[in-house]
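Reading the structure
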Amino acid sequence: MATETEAIDKECLVRVALRIRPQNSRELIDMCRVCTSITPGEQQIVLGSDKAFTFDYVYGMNSNQCDIYNECVGRLVDGTLHGYNATVLAYGQTGSGKTYTMGTGFDKASDDYQLGIIPRAIRHIFAGIDSLRFENNATDSVTNSQFSVAVQFIELYNEDVVDLLDPFNKNTSFKIHENENGQITVAGATVKPIHEPQEALTFLQQGALARTTASTKMNDLSSRSHAVFTLFVRRKHIFEPKIQNSDCQFETLTSKFHFVDLAGSERLKRTLATGERAREGISINCGLLALGNCISALGDRSKKVSHVPYRDSKLTRLLQDSLGGNSQTLMIACISPSDRDFMETLNTLKYANRARNIKNKVQINQDQSSRTISSMRREIAALQLELLEYKQELFATSIFNLHYRVELRLI
Ligand code: ADP
Ligand code: MG
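A brief look at the structure comes next. As the structure is a computational prediction, the values presented were derived from the model and not from experiment. (Residues numbered from 1 in each chain as written. Chains lettered and ligands numbered in written order. Predicted model: local features only at pLDDT ≥ 70, side-chain atom pairs only at ≥ 80, totals over all residues. Heavy atoms only, no water.)

Let's talk about the packing of helix H3 (residues 65-80) against helix H5 (residues 117-132)
Relative to each other, H3 and H5 sit at 45 degrees, their axes nearing to 10 Å. The angle between H3 and H5 places the two elements in the oblique class. Between H3 and H5 lies a crossing whose hand is right-handed. Residues Gln 65, Cys 66, Tyr 69, Val 73, Gly 74, Val 77, Asp 78 and Thr 80 of H3 lie in contact with H5, whose contacting residues are Ile 117, Arg 120, Ala 121, His 124 and Ile 125. Residues that form the contact of H3 with H5 fall into these classes: seven nonpolar, four polar and two charged. (Axes fitted to C-alpha atoms, helices over the stretch in contact; angles between N-to-C directions. Helix = DSSP H or I, 4+ residues; strand = E, 2+ residues; numbered from the N terminus. Parallel < 35°, antiparallel > 145°, perpendicular 65-115°, else oblique. Left-handed = near helix turned anticlockwise from the far one by under 90°. Contact = heavy atoms within 4.5 Å. Nonpolar A, V, L, I, M, F, W, Y, C, P; charged D, E, K, R; others polar.)

A word on the environment of Ile 118
Tracing the sequence through the fold places Ile 118 in helix H5. When its relative accessible area of 0% is taken as the criterion, Ile 118 is described as buried. Each C-alpha atom of the pair Ile 118 and Thr 104 lies 6.8 Å from the other, and the pair is 14 residues apart in sequence. Ile 118 has contacts with Met 102, Gly 103, Thr 104, Leu 204, Phe 229 and Phe 259, leaving out every residue within four places of it along the chain. (Buried < 20%, exposed > 50% of the residue type's maximum accessible area, 1.4 Å probe, protein only.)

A closer look at the pairing of strand S5 (residues 51-54)
Both strand S4 (residues 44-47) and S5 contribute to a ladder of four bridges, which runs antiparallel. Note that in S5 the partner of Ile 45 across the bridge is Phe 53. Where S4 hands over to S5, the hairpin turn is made up of three residues, of which Gly 48 adopts a positive phi near 65 degrees. (Pairing = 2+ DSSP bridges.)

Describing the pattern of salt bridges
Under the criterion given, the structure shown has eight salt bridges. As a salt-bridge pair, Arg 340 and Asp 30 come within 2.4 Å of each other at their nearest N and O atoms. Of this pair, Arg 340 sits in the loop between strand S16 (328-335) and helix H9 (342-355) while Asp 30 sits in the loop between helix H2 (25-29) and strand S3 (36-39); the two residues are 310 residues apart in sequence, bridging distant segments of the chain. Between Arg 123 and Asp 112 there is a salt bridge; the shortest N-O distance is 3.3 Å. Taken together, the residues span a long stretch of sequence, with Arg 123 in helix H5 and Asp 112 in the loop between helix H4 (98-102) and H5 at a distance of eleven residues. In this structure Arg 123 comes out as partly exposed when scored by relative accessible area, which is 38%. (Salt bridge = Lys/Arg side-chain N within 4 Å of Asp/Glu carboxyl O.)

Observations concerning the packing of aromatic side chains
Tallied over the entire structure, the rule returns six aromatic pairs. Ring centres of Phe 229 and Phe 259 lie 6.2 Å apart, and the angle between their planes is 55 degrees; on these two criteria the pair is classed as tilted. Of this pair, Phe 229 sits in strand S14 (residues 226-241) while Phe 259 sits in strand S15 (residues 249-261), placing them 30 residues apart in sequence. Among the aromatic residues, ring-to-ring pairing joins Phe 153, Phe 229, Phe 257 and Phe 259 into one connected group. Seen from the ring of Tyr 351, Arg 354 lies directly overhead, with NZ or CZ sitting 5.3 Å from the centre. (Phe/Tyr/Trp six-rings, centres within 6.5 Å; stacked < 30°, edge-to-face > 60°. Lys NZ or Arg CZ within 6 Å of the ring centre and 35° of its normal.)

Some points on the site of ligand 1
If you check the shell around ligand 1, you find twelve residues, and the closest are Gly 95, Gly 97, Lys 98, Thr 99 and Tyr 100. One of the backbone N or O atoms of Gly 95 is found 2.7 Å from an oxygen atom in ligand 1. Ser 96 has a polar backbone atom sitting 3.2 Å from an oxygen atom of ligand 1. When the free accessible area of ligand 1 is taken as 560 Å², the share hidden by the protein chains comes to 68%. For the shell around ligand 1, the element with the most residues is H4, which contributes three residues. (Near = heavy atom within 4 Å. Polar contact = N/O pair within 3.5 Å; in protein donor to acceptor, adjacent residues only side chain to side chain. Areas by Shrake-Rupley, 256 points an atom, 1.4 Å probe, with all protein chains shown as cover.)

Structural data, given as structure tokens:
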């Protein structure tokens, strides 16, 4: 069937992209030195004079949003239209460019050049739907697809779930649990169906405004929480055979795309946090710590790890599929180029480097009945071919017999 689906590996490693943001005005005024450099032609970054790290993609200070999207994310979006899950996680200290890169703080007024990953992915999904809605397979069938798309936008704050599409809904007790199909869902959180990109962008902007933010020393509007924007795609793929009297067949593909803007990874003392802020800091670190432990457990090839501590935090429970599970996952490690952030940058590089060892098991999400239909369809096609060959053989034999009889009579 779809060629894009076949191009995707069954087992694939978590990919890691590194992005260095440009120096900000404060760093320029303070005359901070740039302590990062990129090796041309190689996906390598050198921190200081000798700390080299290689990633799947490396983007320097002058990189643009469009290139990052096209090179790292576009194919994941294509995959979701064919039943594959995907996740993009932005990791890094506060002020390193996570929200900018993800586009979690989307504002309709911002210009297209600055658009981050989420708004680009929304547009891409709807453009993809338009082109896939109707496909004419010249030989044997006409296929058309009915798509439904929905969004969810939540925030994990102090290990609590906040529904960003309905922030006043305080009564619901959100539960992150595994449903009967083995998928992790957030029960109680709003899921809004969407029909056009503008609708999804409006929800993204509303959610961004609703995000709980607090100022820290490093970034005035820094987010102290993990924001997870999810796109759900469902595709009913209908096959109408061109042969008369043949039945219509269909299959249903479902997928989800998580866009995760993680909270700042900096150590608590750096933000001079006290009181309430300190409490936030501790639980933010709890989510990131648990994420780090899962990454270590999954990526450690030397020893056989039997237990991955997904249940240690809501964040890791929610991202269970994305790490070691059924998802194509990209981590974008965001860093500052300035020497004053050297230690934080080194921590980010080490953390992201470990994620490269994680192997995910990517599978198409096809419902059981349509899976049966697909295998029956293949069987029917094989039988039809066999029948055709048999008929041709029969025809050839009868022609031969006819000739033979005519010849006998003539003799
Ligand atoms: P984080 O979410 O990691 O705390 P932000 O995304 O909010 O960081 O980025 C901090 C500031 O730096 C913002 O003003 C943002 O616009 C700017 N910024 C980050 N990355 C880039 C970039 N690649 N190019 C231009 N400005 C950037
Ligand atoms: Mg942010």
